[in-house]
Amino acid sequence: MRDEEFLRNKVPMTKSEVRAISLDKLDLSGKKRLLDIGAGTGSVSIQAARQFPQLQVTAIERNPQGIDIIQQNLNRFQLSNFHLIAGEAPKDLPLQAFDAIFVGGSGKHLAEIIQYAAQTLTNQGTLVLNFILLENALQAQDILEQYQFQKLEIVEINVAKWHQLGSGHYFKPNNPTIVMAACQGGQSKNEEN
Ligand SMILES: C[S@@+](CC[C@H](N)C(=O)[O-])C[C@H]1O[C@@H](n2cnc3c(N)ncnc32)[C@H](O)[C@@H]1O
């Protein structure tokens, strides 16, 4: 989906190219439940919910402006497979099983959120995280290894877009984004839920 399809105001949004790669790494085909943590404008989980109508999507966002914009985007796309939680992860999340978890924002709760993912992801469930800051990505890598996540993959995405400047054009760079993907290898405690 194009970025212009989503209402945004000043809420931070995962841009279309990073969204496409993150959704690809989530590997949602045949999956039943997706959780989007730090949903922002809702662009990642709304695109997933539209692309996979059988998928039950839960999104959590703590910023009131984000919550409002997600509601507006939901009204726009009229999705019946989308549940929004206005709150903070992981404390306001239910302890239920998910087949895929996307983390677009975690604040100061990265370690607890990865622990939550380790507890709730089904066997072979996918976890995908986006980072701008290297320090946060390195911290995540450590914690993922600690919880024995498998098939760890880390890519950096640099996108520059064709842009008019005066009478000419140049490639205007977006922020480089680190996309980290891993898979739950062990038996999840809540797999039977
Ligand atoms: C970069 S934005 C996510 C963009 C989003 N993926 C999109 O496409 O619009 C990060 C978001 O995470 C939210 N956030 C950060 N920590 C959070 C937490 N612990 N619980 C819930 N939301 C959180 C922020 O309020 C912010 O809106």
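Note that residues are indexed from 1 along each chain, following the sequence as it is written. With pLDDT at 70 or above as the cut-off, local features in this predicted model cover only qualifying residues; side-chain atom pairs require 80 or more to be listed or tallied, and sums for whole chains, interfaces and linings still use all residues. With hydrogens and water stripped out, all remaining heavy atoms of the structure feed into the side-chain values.

Undergrad: So what's going on with the site of the ligand? Residues and values would help.
TA: The local shell around the ligand holds 22 residues, among which Thr-14, Thr-41, Ser-43, Glu-61 and Ala-89 are the closest. A distance of 3.3 Å is found between an oxygen atom of the ligand and a backbone nitrogen or oxygen belonging to Pro-12. For the purposes of these results, a polar contact is taken to be a pair of N or O atoms within 3.5 Å, where, inside protein, one atom must be able to donate a hydrogen and its partner to accept one; residues adjacent in sequence count only when each atom of the pair is a side-chain atom. A distance of 2.8 Å is found between a nitrogen atom of the ligand and a side-chain nitrogen or oxygen belonging to Thr-14. Here the ligand has 610 Å² of accessible area as a free molecule, and 89% of this is covered by the chains. Across the shell around the ligand, the residue classes tally to 6 nonpolar, 13 polar and 3 charged. When we say a residue is near a molecule or strand, we mean one of its heavy atoms is within 4 Å of it. Exposure was quantified through the Shrake-Rupley algorithm and a 1.4 Å probe, taking into account, for residues, occlusion by the shown protein chains and nothing else. Any residue that is not Ala, Val, Leu, Ile, Met, Phe, Trp, Tyr, Cys, Pro, Asp, Glu, Lys or Arg is counted as polar, Gly included; the first ten are nonpolar and the last four charged.

Undergrad: Go over the sheet that holds strand 5 (residues 121-131) with me, naming the residues and quoting the values.
TA: Should DSSP find at least two bridges between two strands, the strands are regarded as paired. Numbered from the N terminus, helices here are DSSP runs of H or I no shorter than four residues, and strands are runs of E no shorter than two. Taking strand neighbours across the sheet as the criterion, the 7 strands line up as 3-2-1-4-5-9-6 in an open arrangement whose pairing is mixed. With partners counted over all chains shown, the strands left at the sheet margins are strand 3 (82-86) and strand 6 (150-157), one partner each. This sheet shows a mean twist of 15° between the axes of neighbouring strands, independent of strand direction. The sheet contact formed by strand 5 and strand 9 (residues 177-183) spans 6 bridges and is antiparallel. Counted as the bridge partner of Leu-129 is Met-180 from strand 9. Between two residues, a contact is recorded if the distance between any of their heavy atoms is within 4.5 Å. All axes are obtained by fitting lines to C-alpha atoms, using only the stretch in contact for helices, and the reported angles, taken between N-to-C directions, cover 0 to 180 degrees. Across the sheet, helix 4 (residues 110-120) lies against strand 1 (33-37), strand 4 (98-103) and strand 5, angled at about 155° from strand 5, the strand it touches most. Set on the sheet, helix 5 (residues 134-146) makes contact with strand 5, strand 6 and strand 9; between it and strand 9 the angle comes to about 5°.

Undergrad: Outline helix 2 (residues 43-51), supporting the account with residue identities and numerical values.
TA: Given 3.6 residues to a turn, an α-helix orients residues that are three or four positions apart in the same direction. Of all 9 residues that make up helix 2, 7 are buried, and the element is covered over most of its length. For helix 2, every residue scored as buried is listed here: Ser-43, Val-44, Ser-45, Ile-46, Gln-47, Ala-48 and Ala-49. Where helix 2 is buried, its residues contact helix 1 (16-26), strand 1, strand 2 (56-61), helix 3 (64-77), strand 3 and strand 4. Note on exposure labels: buried denotes an accessible area under 20% of the residue type's maximum, exposed denotes more than 50%, and partly exposed covers the range between, all computed with a 1.4 Å probe on protein chains only.

Undergrad: With reference to specific residues and values, describe the packing of helix 4 against helix 5.
TA: The geometry of helix 4 relative to helix 5 is characterised by a closest axis approach of 10 Å and an angle of 35° between their N-to-C directions. At the point where helix 4 passes helix 5, the crossing takes the right-handed sense. In contact with Leu-110, Ala-111 and Ile-114 of helix 4, helix 5 contributes Asn-136, Gln-139, Ala-140, Ile-143 and Leu-144. Partitioned by chemical class, the residues of the contact of helix 4 with helix 5 number 6 nonpolar, 2 polar and no charged. Each crossing gets its handedness from the near helix: less than a right angle anticlockwise from the far helix is left-handed, clockwise is right-handed.

Undergrad: How would you sum up the environment of Pro-173? Please name residues and give values.
TA: Within the secondary structure, Pro-173 sits in strand 8 (residues 168-173). With 145 residues separating them along the chain, Pro-173 and Leu-28 place their C-alpha atoms 29 Å apart. Those residues in contact with Pro-173 that lie beyond four places of it in its chain are Val-159 and Ala-160.

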